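Residue-level structural notes
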Amino acid sequence: MAEYFIDALGEMCPVPNIKIREKLKDLEVGDAIVLETDHSCACTTIINEMRRKGYKTSVKEIDNGIWQLTVRRVK
C-alpha cells in the first residue's frame, strides 16, 4: 500500500481537485492520496466527487484553516 502526498496549500479550486484526479491514475487497491489544503471548498468538492466514484474519503483539520484530506482506493 502506497501513500502519495500532495501539497495544495495556497491553491484555489479547481487546482487541488485536478491534482487528485491526475494521481488517481497511479492508485492500486489500498493506496491513498493525502492532500493538504487551506481552501475549505476544495475539501467539500473533492469528497463529494471521490465518494461518487467509489473512493473512501476522510478529512481532518490539522491546524487552524488547514485540512488534510485522504482519498483511498478500496476497489
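Residues numbered from 1 in each chain as written. Predicted model: local features only at pLDDT ≥ 70, side-chain atom pairs only at ≥ 80, totals over all residues. Heavy atoms only, no water.

1. Notes on helix α2 (residues 40-52)
- For α2, with 13 residues, the first-to-last C-alpha span of 19 Å sits near the 18 Å given by 1.5 Å per residue.
- Residues A42, C43, I46, I47, E49 and M50 constitute the buried set of α2.
- On its buried side, α2 packs onto α1 (15-24), β2 (32-37), β3 (56-63) and β4 (66-72). (Helix = DSSP H or I, 4+ residues; strand = E, 2+ residues; numbered from the N terminus. Expected span 1.5 Å × (residues − 1). Buried < 20%, exposed > 50% of the residue type's maximum accessible area, 1.4 Å probe, protein only. Contact = heavy atoms within 4.5 Å.)

2. Some words on the pairing of β4
- With five of seven residues buried, β4 lies mostly within the body of the structure.
- Looking at chain direction, β2 and β4 are connected through six bridges and run antiparallel. Residue pairing in the sheet places I33 in a bridge with V71 of β4.
- Summarising the sheet, β3 and β4 pair through seven bridges and their orientation is antiparallel. Bridge pairing in β4 places S58 opposite T70.
- In this antiparallel pair of consecutive strands, β3 and β4, the connection spans two residues, and G65 shows a positive phi of 80 degrees. (Pairing = 2+ DSSP bridges.)

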